[in-house]
There are 2 protein chains.
Amino acid sequence: MSTYKLSYFKGKALAEPIRFMLSYMEKDFEDHRFEREDWPKLKPSMPFGKVPVLEVDGYKQFHQSGAICRYLAKQCGLAGSDPEEDLKIDMAYDELNDFRAAIASYHYDANEESKNSKWEPLNTTTIPYYMERFENLGKSNKGYLANAKLSWVDIYFVALLDYLNFMAKQDLVGDDKPALRKLVNEVHAIPAIKQWVEKSPQSDW
Amino acid sequence: MSTYKLSYFKGKALAEPIRFMLSYMEKDFEDHRFEREDWPKLKPSMPFGKVPVLEVDGYKQFHQSGAICRYLAKQCGLAGSDPEEDLKIDMAYDELNDFRAAIASYHYDANEESKNSKWEPLNTTTIPYYMERFENLGKSNKGYLANAKLSWVDIYFVALLDYLNFMAKQDLVGDDKPALRKLVNEVHAIPAIKQWVEKSPQSDW
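Cut-offs and rules
- Residues numbered from 1 in each chain as written.
- Chains lettered and ligands numbered in written order.
- Predicted model: local features only at pLDDT ≥ 70, side-chain atom pairs only at ≥ 80, totals over all residues.
- Heavy atoms only, no water.
- Helix = DSSP H or I, 4+ residues; strand = E, 2+ residues; numbered from the N terminus.
- Buried < 20%, exposed > 50% of the residue type's maximum accessible area, 1.4 Å probe, protein only.
- Contact = heavy atoms within 4.5 Å.
- Areas by Shrake-Rupley, 256 points an atom, 1.4 Å probe, with all protein chains shown as cover.
- Lys, Arg positive; Asp, Glu negative; His and termini not counted.
- Charge placed at Lys NZ, Arg CZ, Asp CG, Glu CD.
- Salt bridge = Lys/Arg side-chain N within 4 Å of Asp/Glu carboxyl O.
- Phe/Tyr/Trp six-rings, centres within 6.5 Å; stacked < 30°, edge-to-face > 60°.
- 1 Å grid on protein atoms, 1.4 Å probe; cavity = no way out; pocket = protein on both sides within 12 Å on 5 of 7 lines; lining within 4 Å.
- Points joined across faces, edges and corners; volume = space filled by probe spheres on them.
- Nonpolar A, V, L, I, M, F, W, Y, C, P; charged D, E, K, R; others polar.
- Pairing = 2+ DSSP bridges.
- Right-handed = clockwise from strand over helix to strand, strands pointing away.
- Polar contact = N/O pair within 3.5 Å; in protein donor to acceptor, adjacent residues only side chain to side chain.
- Domains from an automatic or database assignment.
- Buried area = accessible area lost by both parts, 1.4 Å probe.
- Axes fitted to C-alpha atoms, helices over the stretch in contact; angles between N-to-C directions.
- Least-squares fit on C-alpha atoms with pLDDT ≥ 70 in both.
- UniProt positions renumbered as here; feature names shortened; annotations may be inferred.

Colleague: Would you take a moment to explain the overall build of chain A for this structure?
Modeller: If you tally the helices and strands in chain A, you get 8 helices and 4 strands. Seen in sequence order, chain A has helices and strands lined up from the N terminus as β-α-β-α-β-β-α-α-α-α-α-α. Classification of the 205 residues of chain A by burial places 54% in the buried group. Sequence-distant contacts in chain A: of pairs separated by 6 or more residues, those separated by 24 or more amount to 69%. A total accessible area of about 9,300 Å² is found for chain A, and carbon and sulfur atoms account for 49% of it. Averaged over its 27 positive side-chain charges, chain A has a centre that lies 2 Å from the centre of its 32 negative ones.

Colleague: Explanation requested: the pattern of salt bridges in the structure shown.
Modeller: Side chains that differ in charge, positive against negative, can pair when their charged atoms come close. Summed over the entire model, instances satisfying the criterion amount to 34 salt bridges over all chains. Between Lys 74 of chain A and Asp 86 of chain B there is a salt bridge; the shortest N-O distance is 3.6 Å. You can see Lys 74 of chain A sitting in the loop between helix H3 (65-73) and helix H4 (83-107) and its partner Asp 86 of chain B sitting in helix H4 (residues 83-107), one on each of two chains. Judged by relative accessible area, Lys 74 of chain A falls into the partly exposed class, the value being 34%. We note a salt bridge from Lys 50 of chain B to Glu 95 of chain A, for which the minimum N-O separation is 2.7 Å. Placement of the pair is Lys 50 of chain B in the loop between helix H2 (39-42) and strand E3 (53-56) and Glu 95 of chain A in helix H4, with the two residues belonging to separate chains.

Colleague: Would you take a moment to explain the packing of aromatic side chains for this structure?
Modeller: Geometrically, a pair of aromatic rings is defined through the distance of the ring centres and the angle of the planes. A complete count under the given rule lists 34 aromatic pairs over all chains for this structure. Members of the aromatic cluster, each reached through a chain of ring pairs, are Phe 48 of chain A together with Phe 99, Tyr 129, Tyr 130, Phe 134 and Phe 157 of chain B.

Colleague: Help me understand empty space enclosed by the protein, please; the structure alone is not making it clear to me.
Modeller: Empty space among the atoms becomes visible once a probe the size of a water molecule is rolled across them. In the structure shown here, the tally under the stated rule is 1 cavity of 30 Å³ or more. Lining the largest cavity, in full, are Arg 70, Lys 74, Ala 79, Asp 86 and Asp 90 of chain A together with Arg 70, Lys 74, Asp 86 and Asp 90 of chain B. Contributing elements (two or more residues each) for the lining of the largest cavity: H4 of chain A together with H4 of chain B. Its residues assigned to classes, the lining of the largest cavity comprises 1 nonpolar, no polar and 8 charged.

Colleague: How do you make sense of the pairing of strand E1 (residues 4-9) of chain A when you look at a structure like this?
Modeller: Consecutive residues of a regular strand have side chains that alternate between opposite faces of the sheet. All names here are of chain A. Across the 6 residues that make up E1, a large majority, 5, are buried. Of the strand pairs in this sheet, E1 and strand E3 (residues 53-56) are connected by 4 bridges, and their pairing is antiparallel. Each residue of the ladder has a partner; that of Ser 7, found in E3, is Val 53. Bridging between E1 and strand E2 (residues 30-34) involves 5 bridges; their strand directions are parallel. If you follow Leu 6 over to E2, its bridge partner there is Asp 31. Considered for its hand, the β-α-β crossover made up of E1, helix H1 (residues 16-24) and E2 is right-handed.

Colleague: I keep staring at helix H3 (residues 65-73) of chain B and nothing clicks. Help me out?
Modeller: Within an α-helix, residues lying three or four positions from one another point in the same direction, as the helix has 3.6 residues per turn. The element H3 of chain B is extensively covered by neighbouring structure, given that 9 of its 9 residues are classed as buried. Turning to H3 of chain B, its buried residues are Ser 65, Gly 66, Ala 67, Ile 68, Cys 69, Arg 70, Tyr 71, Leu 72 and Ala 73 of chain B.

Colleague: Would you mind going over the side chain of Lys 12 of chain A with me for this structure?
Modeller: Turning to its location among the elements, Lys 12 of chain A is positioned in the loop between E1 and H1. By relative accessible area, Lys 12 of chain A is classed as buried at 15%.

Colleague: What's the story with the side chain of Lys 12 of chain B in this structure? I'm lost.
Modeller: Side-chain polar atoms of Lys 12 of chain B contact the backbone oxygen of Ser 203 of chain B, separated by 3.2 Å. Not counting chain neighbours up to four residues away, the residues in contact with Lys 12 of chain B comprise Arg 19, Asp 162, Ser 203 and Trp 205 of chain B.

Colleague: What should I look at first to understand the domain arrangement of chain A in this one?
Modeller: Accessible area lost upon the coming together of the parts serves often as the stated size of an interface. Residues and elements named next belong to chain A. In terms of domains, chain A is made up of domain 1 (4-76 + 192-199) and domain 2 (83-189). Put simply, the middle of domain 1 and the middle of domain 2, counted by C-alpha atoms, are 21 Å apart. At the junction of the two partners, domain 1 supplies 16 residues and domain 2 supplies 14 residues. Buried area between domain 1 and domain 2, both sides added, is near 1,400 Å², and the carbon and sulfur share of it is 73%.

Colleague: Mind showing me how you'd approach the interface of chain B and chain A here?
Modeller: Contacts between the two partners involve 33 residues from chain B and, on the opposite side, 33 residues from chain A. Between chain B and chain A, a total of about 3,100 Å² is buried, with carbon and sulfur atoms accounting for 54% of that surface. Inspection of the region where chain B meets chain A yields 10 salt bridges. Taken together, the links from chain B to chain A amount to 22 residue pairs in polar contact (both at pLDDT 80 or more).

Colleague: What is the right way to look at the sheet that holds strand E1 (residues 4-9) of chain B in this model?
Modeller: By way of backbone hydrogen bonds, the strands of a sheet pair with one another, either parallel or antiparallel. All names here are of chain B. Across the sheet, which stays open at both edges, the 4 strands sit in the order E2-E1-E3-E4 with mixed pairing between neighbours. The two strands at the open ends of the sheet, each matched to only one other strand, are strand E2 (30-34) and strand E4 (60-63). Sheet twist, expressed as the average angle between the axes of neighbouring strands with direction ignored, equals 25°.

Colleague: Sorry, what's going on with the layout of surface pockets here?
Modeller: Considered as a void within the structure, the second largest pocket measures approximately 260 Å³ in volume. Taken together, 15 residues line the second largest pocket, and the ones lying closest to its centre are Phe 48 and His 63 of chain A together with Met 91, Leu 137 and Asn 141 of chain B. Secondary-structure elements contributing two or more residues to the lining of the second largest pocket are strand E4 (60-63) of chain A together with H4 and helix H5 (112-140) of chain B. With 4 residues, H5 of chain B is the largest single contributor of residues to the lining of the second largest pocket. Considered class by class, the residues forming the lining of the second largest pocket number 7 nonpolar, 6 polar and 2 charged.

Colleague: Is there a simple way to explain the relation of the copies chain B and chain A in this structure?
Modeller: Between the two copies of the chain lies a rotation about an axis combined with a shift along it. By a simple turn and slide, chain B fits onto chain A: the slide is 0.0 Å along the axis, the RMSD is 0.0 Å, and the turn is 180°. Given the turn and translation reported, the copies of this chain are related as if by a two-fold rotation axis. When C-alpha distances to the rotation axis are compared across chain B, the minimum falls at Ser 114 of chain B, with a value of 3.4 Å. When you check the interface residues of chain B against chain A, 100% turn up at the interface there too, and the contact is symmetric in its surfaces.

Colleague: Sorry, what's going on with the UniProt feature "domain: GST C-terminal" (unreviewed entry) in chain A here?
Modeller: Residues annotated by UniProt as "domain: GST C-terminal" (unreviewed entry) correspond here to residues 82-205 of chain A. Secondary structure across residues 82-205 of chain A divides into 74% helix and 0% strand, with the first and last C-alpha atoms of the span separated by 34 Å.

The following block contains the structure:
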């Protein structure tokens, strides 16, 4: 049986999708959350100087949250059942990642003038544009983001949502997004994920 | 036999990896390059308002260059041979994508002050940091980026390189990167890719 140690900052963000996946798989894992002041000391031990990193069996270092979730999905029936289904999951994931990057480009902008100028187009154009399309994916896929069935991209989306909401300073999945709202509720109602959310440390992001 | 139509601007950038993959597979494809002034008219017909989009058999619209290349790779022996090999390819791809995003964050920055302030850390820290790690992947994988054998991420990297060099204003794979230099030469020497590069329209990016 494999052992898992997940290293990340004291938040959800890009680690939470992996935590959701491991919880869904009912795997025990060490949830290693370090202080920000300890990061410079840890950074050189990470393959590309970033986290999350999932250490498996004490020596394999897996990085990149999307790649890790896709890999775990193959072990628990949350991947596609053929290459075209996998493509549809991957397209939804890559769009979600582009959306996250657009919000992060605002949130993490160190230049105040530049940051301020990004808010209006982000809030009035980019966010409604992407969210409408994700809602449409849900509507045309029986409530899921791809292939009309639960897959790892649905878990990823729901796990990432608090972080996205935090950066975007709004509830992205409100009453005007019924398909996505239902998806969020459904994923949170999966017993192993419900249990994880209840026991996991609280954080805004 | 499937038909392929690839829509993109008049450049290489994110479309070129798909063009390399289709060429490697010896597939005929319509290389639809449109004028920038025609983009507003075309944008609403693209699933997430972006390109590249690969239209297959006249009705399926596939988007996201990484997802498309991963899908095509499964048809031509350039995917991994098991889930862990696929993970290693995906990790290298996601790091390459983060690297591209970091360079693009400089290149496309609309705020001059913000843009200028990004150059120094990009040029002296981010670029050397990532490129050293990609070179190390090459050295520890017999000249490839993953699994000690040619895969789609190698094709992707080589196809994307002109665009990265253009945005980064330098030759990223110089003499100090012998493993990557050799990989670039090897991919360009694949007959179907060599033929594509020779016949394809010239562009700086």
